[in-house]
Amino acid sequence: MKAIEEVYRQYASTVYRYLLSLTRSSDIAEELTQETFYRAIRASDRYDGSCSITTWLCAIAKRVRLEHARKHPANEDISVQAIPTGSAEEEVMASEGRLEIMRRLHAMPEPTREVMYLRIFGGLAFKEVGEVLGMTENRARVIYYRGKEKLRKELDENVQNTL
C-alpha cells in the first residue's frame, strides 16, 4: 500500500465528504475521518489490493460511523448546516430545499440511502459504490436511478401540494 501520508492526502476529502453526508456534522465527520485513517494504518497489512483504496477506506469509515452512532445516539438528530448562497431570501429558499432533500434522502430505506450517499456526497463511481456495499456495479446503478426517481417524484409532489 502507498505511504499513509500520500493515501491521507489523496483520500481524506472523499472519506470526510462521505462521513459528512452520513453524520451531517462537520465536527463528527472530521473526528470519524481521523479514526478511519487510524484504523486503516492499524489494518494496512490486511489490505490485499482486491478493491480500490477508496472502497477499502469507505468500508472502514462506514463501520466507524456505525460504531459511533451506537455509542452516541443523541448525535443522530444533528441538522444540516446551510451554506449561504446570496440574499436572505435566496438563502432561506436554498436552505429549505437542501434540508428537504436531506430529510428525504435520510428517510430512504437501505441500501438506497447508502448508494445515494456514496454516489452524491462521497463522489464514488458506481463500481466503487458496489464494492463498498457488496453488490454489483449494475445493481448500484439501478438502486441509484430508482432512488433518484423516487426523490424527484416526492419533491415534485411536495411542490404541487404547496401551490
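Rules behind the numbers
Residues numbered from 1 in each chain as written. Predicted model: local features only at pLDDT ≥ 70, side-chain atom pairs only at ≥ 80, totals over all residues. Heavy atoms only, no water. Helix = DSSP H or I, 4+ residues; strand = E, 2+ residues; numbered from the N terminus. Buried < 20%, exposed > 50% of the residue type's maximum accessible area, 1.4 Å probe, protein only. Contact = heavy atoms within 4.5 Å. Areas by Shrake-Rupley, 256 points an atom, 1.4 Å probe, with all protein chains shown as cover. Axes fitted to C-alpha atoms, helices over the stretch in contact; angles between N-to-C directions. Parallel < 35°, antiparallel > 145°, perpendicular 65-115°, else oblique. Left-handed = near helix turned anticlockwise from the far one by under 90°. Nonpolar A, V, L, I, M, F, W, Y, C, P; charged D, E, K, R; others polar. Salt bridge = Lys/Arg side-chain N within 4 Å of Asp/Glu carboxyl O.

A.B. asks: Run through the overall build of the protein, naming residues and quoting values.
C.D. replies: Looking only at helices and strands, the protein features seven helices and zero strands. The order of α-helices and β-strands along the protein, N terminus first, is α-α-α-α-α-α-α. Among the 163 residues that make up the protein, the fraction classed as buried is 36%. Taking all contacts inside the protein whose residues are at least 6 apart in sequence as the whole, residues at least 24 apart take part in 59%. Summed over all atoms, the accessible surface of the protein reaches about 9,800 Å², with 51% contributed by carbon and sulfur.

A.B. asks: Tell me about the packing of helix 1 (residues 4-23) against helix 3 (residues 53-71), and name the residues and values.
C.D. replies: Relative to each other, helix 1 and helix 3 sit at 40 degrees, their axes nearing to 10 Å. By the angle class used here, helix 1 and helix 3 are oblique. Crossing of helix 1 over helix 3 shows right-handed handedness. On helix 3, the residues touching Val7, Tyr11, Thr14, Val15, Tyr18, Leu19, Leu22 and Thr23 of helix 1 are Ile53, Thr54, Leu57, Cys58, Ala61, Lys62 and Arg65. Grouping the constituent residues of the contact of helix 1 with helix 3 by class yields 10 nonpolar, three polar and two charged.

A.B. asks: If you had to explain the pattern of salt bridges to someone new, which residues and values would you point to?
C.D. replies: Within this structure, the stated rule accounts for seven salt bridges. The shortest N-O distance in the salt bridge between Glu35 and Arg39 comes to 2.8 Å. Of the two residues, Glu35 and Arg39 are both situated in helix 2 (residues 26-42); the distance of four residues between them amounts to about one turn of the helix. The class for Glu35 is partly exposed, based on a relative accessible area of 27%.

A.B. asks: So what's going on with the environment of Gly122? Which residues, and what values?
C.D. replies: Along the polypeptide, Gly122 turns up in the loop between helix 5 (112-120) and helix 6 (126-133). Judged by relative accessible area, Gly122 falls into the buried class, the value being 1%. Distance from Gly122 to Thr14, taken between C-alpha atoms, is 5.6 Å for residues 108 residues apart in sequence. The residues touching Gly122, leaving out its near neighbours within four places in the chain, are Thr14, Arg17, Tyr18 and Tyr117.

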